[in-house]
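Chain residues, written in single-letter form:
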Amino acid sequence: MWIMSEPTELYDEEDAFESAGLRLSVDLSALADNWRDMARRSGRARASAVVKADAYGMGIEDAGEALYLAGARDFFVATADEGATLRLFAPDARIFVLAGIWPGLERRFFDNDLVPVVSSEEQLAFWMGTLSNYGDYPCALHVDTGFNRLGLDTADALLLASDVSRPASFSPVLVMSHLACGDDPSSAMNRQQLESFQEVSAAFEGIESSLAASAGIFLGPEYHFDLTRPGIAVYGAEAVKGMPNLMRPVATAEARVVQVRTVRAGGTVSYGGTLCLDRDSRLAIVSAGYADGYLRSLSGAGVPLRQAVTEGACGFIAGHKVPVAGRITMDLTIFDVTDVPEGLVRAGDYVELFGNNILVDDAARAAGTIGYEMLTSVGLRHERRYVETEE
Ligand SMILES: *Cc1c(COP(=O)(O)O)cnc(C)c1O
């Protein structure tokens, strides 16, 4: 059942959605359910919500507010700008900024009550200097335990923990680290990182610790510490390789059929003529292409870079899975709808690109990528609608 969320816009939002070339429905009930599910799986730890990249492409305002209403009081964003936007929808939440702080951004942090995640010696030095002018203000410390992306080296973090000369105004409220292989429970790296982080966490006694993102939550209670950081699972996509996805799908992307054309056997389709039809066919041309984030590597054929899988993606229309035919182009994609009974696919109908029938991770696999990239790519030109569907 579709229940429309309350219209909040003054102009007629429905019309734009009904005729959009590409449209995205975001199910805020599913989002909230998924977050509560991950919060339960976090056991005794508190669950935060990771809403970076515009809430994985779903809109940080509405998604952030829905997560706040579901009970999230700790959020992680990538940038201070995202944090400032989220602040309007999560008034008393603690908002951590993963990119940390840079000279010139101080006011943005202070004005919006954002907590910088300090993740390098340079940032730490800058932050200490800032505090000497400003006074007491919280921060988080990111410690690298093997990912080799962001974070203070473990040894430096341990020194900092025992450094009695550090200014009293320096008051970290969280130490955190990030797992490199959390999505692979058999990886030895998980335990190595866990053990390093346990040492760091113990050194910063009395300060909360956080290690697990979505995948880490599934690794078990040892990985939970005080605060977990689920992202992708909340948005309904796979967190752990090879594990059945237990989450409710949140986003549905659909593209409008611009025309249906009949092509005789022997005709070729799209750039390069890489698909030669071996039967008389009906093709649905839909208004979404790689410029809309429908990645070219999802193409049905002729994309030499994609090696892991040979098939392209499928769409879903009128109860049928329909394959992408030939190469995806900038603004348009062609689906082979020959196997859908004639008359069921007409101009103006919508093909699901991912959602309840085509799981976002299956679409992503067809492109040789991951659900994260599918979700955050479909960002540029779509109309978005928020719905609430009870299970
Ligand atoms: C993105 C991110 C998360 C969330 O990860 P998911 O795999 O989406 O759950 C957590 N922590 C950090 C540091 C991140 O960058």
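Residues numbered from 1 in each chain as written. Predicted model: local features only at pLDDT ≥ 70, side-chain atom pairs only at ≥ 80, totals over all residues. Heavy atoms only, no water.

## Section: the overall build of the protein chain
Here is step 1 of the chain: Scanning the protein chain for helices and strands turns up 12 helices and 21 strands.
Here is step 2 of the chain: Taking the principal axes of the C-alpha coordinates as reference, the protein chain spans close to 80 × 50 × 40 Å.
Here is step 3 of the chain: Taking the intrachain contacts of the protein chain between residues at least 6 apart in sequence as the baseline, contacts between residues at least 24 apart amount to 67%.
Here is step 4 of the chain: Total accessible area on the protein chain stands at roughly 17,600 Å², and carbon and sulfur atoms take up 51% of it. (Helix = DSSP H or I, 4+ residues; strand = E, 2+ residues; numbered from the N terminus. Contact = heavy atoms within 4.5 Å. Areas by Shrake-Rupley, 256 points an atom, 1.4 Å probe, with all protein chains shown as cover.)

## Some thoughts on the layout of surface pockets
Here is step 1 of the chain: Its volume calculated, the largest pocket comes out at about 920 Å³.
Here is step 2 of the chain: Lining the largest pocket are 37 residues, and of these Lys52, Tyr56, His178, Ile232 and Tyr372 sit closest to its centre.
Here is step 3 of the chain: Listing elements by their share of the lining of the largest pocket, those giving two or more residues are α3 (52-57), α10 (214-218), α11 (360-366) and α12 (371-377).
Here is step 4 of the chain: Counted by class, the lining of the largest pocket contains 20 nonpolar, 9 polar and 8 charged residues.
Here is step 5 of the chain: Looking at the lining of the largest pocket, you find at least three residues from each of domain 1 (43-229) and domain 2 (251-387). (1 Å grid on protein atoms, 1.4 Å probe; cavity = no way out; pocket = protein on both sides within 12 Å on 5 of 7 lines; lining within 4 Å. Points joined across faces, edges and corners; volume = space filled by probe spheres on them. Nonpolar A, V, L, I, M, F, W, Y, C, P; charged D, E, K, R; others polar. Domains from an automatic or database assignment.)

## Topic: the state of the cysteines
Here is step 1 of the chain: Tallied over the full model, the rule gives 0 disulfides.
Here is step 2 of the chain: Take Cys314: it sits in no disulfide, and the sulfur closest to it among the cysteines is that of Cys276, at 20 Å. (Disulfide = S-S within 2.5 Å.)

## A few points about the domain arrangement of the protein chain
Here is step 1 of the chain: Domain boundaries in the protein chain define domain 1 (43-229) and domain 2 (251-387).
Here is step 2 of the chain: Taken over C-alpha atoms, the centre of domain 1 sits 38 Å from the centre of domain 2.
Here is step 3 of the chain: The interface is formed by 7 residues belonging to domain 1 together with 7 residues belonging to domain 2.
Here is step 4 of the chain: Summed over both sides, the interface between domain 1 and domain 2 buries roughly 600 Å², with carbon and sulfur atoms accounting for 63% of that surface.
Here is step 5 of the chain: Our count for the contact surface shared by domain 1 and domain 2 stands at 1 salt bridge.
Here is step 6 of the chain: A salt bridge links Asp54 to Arg384, with the shortest nitrogen-to-oxygen separation between them at 3.6 Å.
Here is step 7 of the chain: Connecting domain 1 to domain 2 are 2 residue pairs in polar contact (both at pLDDT 80 or more).
Here is step 8 of the chain: Considering each element in turn, the side of domain 1 that touches domain 2 owes the most residues, 4 residues, to α3.
Here is step 9 of the chain: Classifying every residue of the side of domain 1 that touches domain 2 gives 3 nonpolar, 2 polar and 2 charged. (Buried area = accessible area lost by both parts, 1.4 Å probe. Salt bridge = Lys/Arg side-chain N within 4 Å of Asp/Glu carboxyl O. Polar contact = N/O pair within 3.5 Å; in protein donor to acceptor, adjacent residues only side chain to side chain.)

## Looking at helix α7 (residues 121-134)
Here is step 1 of the chain: Relative to the 20 Å expected for 14 residues at 1.5 Å per residue, α7 spans 20 Å between its end C-alpha atoms, a close match to the ideal helical length.
Here is step 2 of the chain: Taken together, the buried positions of α7 are occupied by Gln123, Leu124, Trp127, Met128, Thr130 and Leu131. Down the axis, α7 shows its buried residues gathered within 165° of arc, on one side only. Seen from the open side of α7, the exposed residues pointing more than 90 degrees away from its buried face are Glu122, Ala125, Ser132 and Asn133.
Here is step 3 of the chain: Those residues of α7 that are buried are in contact with α6 (106-112), β7 (114-118), β8 (137-144), α8 (154-162) and β10 (170-176). (Expected span 1.5 Å × (residues − 1). Buried < 20%, exposed > 50% of the residue type's maximum accessible area, 1.4 Å probe, protein only. Arc of directions from axis to C-beta.)

## Remarks on the site of the ligand
Here is step 1 of the chain: Near the ligand there are 14 residues, and of these Lys52, Tyr56, Ser214, Ile232 and Tyr372 occur at the shortest range.
Here is step 2 of the chain: Summarising the interface, the protein chains cover 93% of the accessible area of the ligand, which totals 380 Å² for the free molecule.
Here is step 3 of the chain: Judged by the proximity of its atoms to the pocket grid, the ligand belongs to the largest pocket.
Here is step 4 of the chain: Class assignment for the residues of the shell around the ligand results in 8 nonpolar, 3 polar and 3 charged. (Near = heavy atom within 4 Å. Sits in = over half its atoms within 2 Å of the grid points.)

## Observations concerning the side chain of Thr130
Here is step 1 of the chain: Within the fold, Thr130 resides in helix α7.
Here is step 2 of the chain: Engagement of the side chain of Thr130 in a polar contact is seen with the backbone oxygen of Phe126, the distance being 2.8 Å.
Here is step 3 of the chain: If sequence neighbours within four positions are ignored, Thr130 has contacts with Glu106 and Phe110.

## Remarks on the pairing of β8
Here is step 1 of the chain: Of all 8 residues in β8, 7 are buried; the element is thus mostly enclosed.
Here is step 2 of the chain: In the sheet, β7 pairs with β8 via 2 bridges, with the strands oriented parallel. The residue of β8 that forms the bridge with Val118 is Leu141.
Here is step 3 of the chain: Taken together, β7, α7 and β8 constitute a β-α-β crossover, and its handedness is right-handed.
Here is step 4 of the chain: Where β8 meets β10, 6 bridges bridge the pair, whose relative direction is parallel. Bridge pairing in β10 places Cys139 opposite Pro172.
Here is step 5 of the chain: One ladder, built from 2 bridges, connects β8 with strand β9 (residues 152-153); its direction is parallel. By the bridge assignment for β9, Asp144 is matched with Asp153. (Pairing = 2+ DSSP bridges. Right-handed = clockwise from strand over helix to strand, strands pointing away.)

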